[in-house]
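Commentary on secondary and tertiary structure
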Amino acid sequence: MERTFAIIKPNAFLAGNAGKIIARIYAEGFKIVGMKKLYLSKREAEGFYYVHKDRPFFGELTDFMSSGPCIVMVLEAEGAIKKWRDLMGATNPANAAEGTLRREFGDSLEANATHGSDAPETAAFEIGYFFSGLELLM
Ligand code: CMP
C-alpha cells in the first residue's frame, strides 16, 4: 500500500466543500490514515512549499495558503500518489477534466481546492512536515 499527502485548501474549506471532498476520497477507495485542520502561518506555508521558493508565484501562493484553514491528510491506497493526482485533476482548474475535484471546487491556479504529492520522496517530506509516526498508527 502506498501513502500520499493531501491538503484541502482554504478556498474549498471556507466554501463549505471539505465534507464533499472527504466523501469523494472515501468513495474512491482511499483510507484516511491521518487528518487534521490547521491554520498555517505564512512561515509554515513557506516551509511546506520550499521547493517553489524561487518561482514567481511563491509569495502569492504562500499568502493564499495562510489566508484560512486547511485540512491536511495522509491517504492510503494502491498507487495512492497517482490515484489522488488523477482525482484532483490538472493544477489549473480551467484545464481540469470534468469529474475532477479541481474542476468542481477550484477557483484559480492558487485556489485550486486541493494539493497532492507528486512523487514518493515528496510524499515522505510532506507527510513528515505535518504528521508524526504516532499520529499515523492504524
Ligand atoms: P499545488 O499542488 O498546491 O502545488 C504548488 C501550487 O502552486 C499549485 O498547486 C498551484 O496552486 C500553485 N501555482 C501557482 N502558479 C503556478 C504555476 N504557474 N505552475 C504550477 N503551480 C502554480
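Residues numbered from 1 in each chain as written. Predicted model: local features only at pLDDT ≥ 70, side-chain atom pairs only at ≥ 80, totals over all residues.

Within an unreviewed UniProt entry, the label attached to the protein chain reads Nucleoside diphosphate kinase, and the organism entered is Desulfobulbus propionicus. Per UniProt, the comment on the protein chain under Subunit (unreviewed entry) is "Homotetramer." Note on the protein chain: under the UniProt heading Cofactor (unreviewed entry), the record states "Mg(2+)". (UniProt positions renumbered as here; feature names shortened; annotations may be inferred.)

**Thoughts on the overall build of the protein chain**
Counting secondary structure elements, the protein chain contains seven helices and four strands. Relative to the globule expectation of 14 Å for 138 residues, the C-alpha radius of gyration of the protein chain, 14 Å, shows essentially globular dimensions. Overall size of the protein chain, expressed as C-alpha extent along the three principal axes, is 35 × 35 × 25 Å. By sequence separation, contacts in the protein chain at least 24 residues apart represent 70% of the contacts at least 6 residues apart. (Helix = DSSP H or I, 4+ residues; strand = E, 2+ residues; numbered from the N terminus. Rg over C-alpha atoms; globule rule 2.2 N^0.38 Å. Contact = placed C-beta atoms within 7 Å.)

**Quick look at unusual backbone geometry**
With glycine set apart, most residues show a phi of negative sign, and most peptide bonds adopt trans. Phi is positive for A113, which is not a glycine, with a value near 75°. Residue placement: A113 occurs in the loop between α6 (101-105) and β4 (114-116).

**What to know about the UniProt feature "domain: Nucleoside diphosphate kinase-like" (unreviewed entry) in the protein chain**
The positions that UniProt labels "domain: Nucleoside diphosphate kinase-like" (unreviewed entry) are, in the present scheme, residues 1-138. The span residues 1-138 is 40% helix and 19% strand, and its two end C-alpha atoms sit 13 Å from each other.

**Quick notes on the site of the ligand**
In the vicinity of the ligand, the contacting residues are H52, F57, L61, T91, L109, E110, N112 and H115. Looking at the shell around the ligand, its residues break down into three nonpolar, four polar and one charged. (Near = placed C-beta within 6 Å. Nonpolar A, V, L, I, M, F, W, Y, C, P; charged D, E, K, R; others polar.)

**A short note on the sheet that holds β4**
Overall, antiparallel pairing links the four strands, which are arranged β2-β3-β1-β4 in an open sheet. Looking at which strands have only one partner, the edges of the open sheet turn out to be β2 (31-38) and β4. If you compare each strand with its neighbour and ignore which way they point, the axes differ by 20° on average. The strands touched by helix α5 (residues 80-88) are β1 (2-8), β3 (70-77) and β4; relative to β1, the strand with the most contacts, the crossing angle is about 30°. (Pairing = 2+ DSSP bridges. Axes fitted to C-alpha atoms, helices over the stretch in contact; angles between N-to-C directions.)

**Here's the deal with the UniProt feature "binding site: ATP" (unreviewed entry) in the protein chain**
The sites that UniProt annotates as "binding site: ATP" (unreviewed entry) are K9, F57, R85, T91, R102 and N112. Within the secondary structure layout, T91 lies in the loop between α5 and α6. Classification of T91 by C-beta neighbours within 10 Å gives partly exposed; the count is 15. If near-sequence neighbours (up to four positions away) are discounted, T91 is found in contact with L109 and N112. Residue classification places N112 among the buried positions, given that 25 C-beta atoms sit within 10 Å. Setting aside residues up to four positions removed in sequence, N112 forms contacts with K9, T91, N92, P93, R102 and G106. (Buried ≥ 20, exposed ≤ 12 C-beta atoms within 10 Å, placed from the backbone.)

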